[in-house]
Amino acid sequence: REMGKKGKKPVETPLFEADEVKAEKEAVSSGTAVPSSAMGKHFSHPDKKIRDKAVAVFSKWVSRQENLEDEDHVRLWKALFYCYWMSDKGPVQRELAERLSALINVCANQQQAERFIRAFYTTMQREWAGIDRLRMDKFYNLIRCFQKETFAFLAKSNWRSASIAWVN
């Protein structure tokens, strides 16, 4: 923490720097452990720039993870769900839905991508009842984008029946 103006209120120092190179080093230095809850706080931060930076850092981190378990992906999707929850205005929501959906393609391998996809649907099923009617269209958009990327992923895997079964 640093002291704010006139030394009165402490100002929290961000847990990752605004500099993307430093942020990436911090994400990589975490090894294969799931990002800390501090990273989750960045996903749900009210400031769009901080959320965007968190998604960018997460994208680089997840691309290097080859051994995440199903439970890890579910925890990650819970944080991403609230990242999307905090997005407002149509264009911002559409862009974020596309960015989150595109994370399927940055997963380190086929198995991680399949787990990532399954965790998304598990999270949607778990959180669905808590989505109020004002946010429903927003989440329909996320599901549409994610389904589109899921189909693209399956097409790239030549519609392998094992992959289709995993996604179902």
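Residues numbered from 1 in each chain as written. Predicted model: local features only at pLDDT ≥ 70, side-chain atom pairs only at ≥ 80, totals over all residues. Heavy atoms only, no water.

What follows is about the environment of Lys-48. With respect to the helices, strands and loops of the structure, Lys-48 is situated in helix H3 (residues 48–62). Here Lys-48 falls in the partly exposed class, since its relative accessible area comes to 29%. Side chain to side chain, Lys-48 and Asp-52 meet in a polar contact 2.4 Å long. (Helix = DSSP H or I, 4+ residues; strand = E, 2+ residues; numbered from the N terminus. Buried < 20%, exposed > 50% of the residue type's maximum accessible area, 1.4 Å probe, protein only. Polar contact = N/O pair within 3.5 Å; in protein donor to acceptor, adjacent residues only side chain to side chain.)

We now examine the nonpolar core. By size, the foremost hydrophobic cluster in this structure holds 38 residues, and its most contacted members are Phe-43, Phe-58, Leu-100 and Phe-116. At the level of secondary structure, the elements contributing two or more residues to this core comprise helix H2 (37–43), H3, helix H4 (70–85), helix H5 (90–102), helix H6 (110–127) and helix H7 (136–156). For this core, the leading source of residues is H4, giving 8 residues. Those residues in contact with Phe-58 that lie beyond four places of it in its chain are Met-39, Phe-43, Leu-76, Leu-80, Leu-103 and Phe-116. (Core = buried A, V, L, I, M, F, W, Y, C linked by side-chain atoms within 4.5 Å. Contact = heavy atoms within 4.5 Å.)

A few words on the packing of aromatic side chains. The full count for this structure, using the stated rule, is 17 aromatic pairs. With a centroid separation of 5.5 Å and an interplanar angle of 85 degrees, the aromatic rings of Trp-77 and Phe-146 are classed as edge-to-face. Here Phe-146 lies in helix H7 and Trp-77 lies in helix H4, a separation of 69 residues in the sequence. Trp-77 gets classed as buried once you look at its relative accessible area, which sits at 0%. We classify Phe-146 as buried; its relative accessible area is 0%. (Phe/Tyr/Trp six-rings, centres within 6.5 Å; stacked < 30°, edge-to-face > 60°.)

Attention now goes to the environment of Arg-118. Topologically, Arg-118 is positioned in helix H6. Look at Arg-118 and you get partly exposed, because its relative accessible area is 30%. A C-alpha to C-alpha distance of 8.2 Å links Arg-118 and Asp-70, two positions 48 residues apart in sequence. With residues near it in sequence (within four places) discarded, Arg-118 still touches Asp-70 and Trp-166. Separated by 3.4 Å, the side chains of Arg-118 and Asp-70 make a polar contact.

Take the side chain of Ser-163 next. Looking at the element boundaries, Ser-163 is found in helix H8 (residues 161–167). Within the structure, Ser-163 has its side chain in polar contact with the side chain of Gln-110 (distance 2.8 Å). Look past the residues within four positions of Ser-163 in its chain and what remains in contact with it is Gln-110, Glu-114, Leu-154 and Ser-157.

Once that is clear, we can look at the pattern of salt bridges. A full pass over the atoms with the stated rule returns 10 salt bridges. Of the charged contacts, one joins Arg-126 and Glu-127 as a salt bridge, the two residues approaching to 3.0 Å between their closest N and O atoms. Overall, the relative accessible area of 38% leaves Arg-126 in the partly exposed class. Judged by relative accessible area, Glu-127 falls into the buried class, the value being 11%. Counted as one network, the salt bridges with shared partners bring together Lys-48, Asp-52, Glu-95 and Arg-99. (Salt bridge = Lys/Arg side-chain N within 4 Å of Asp/Glu carboxyl O.)

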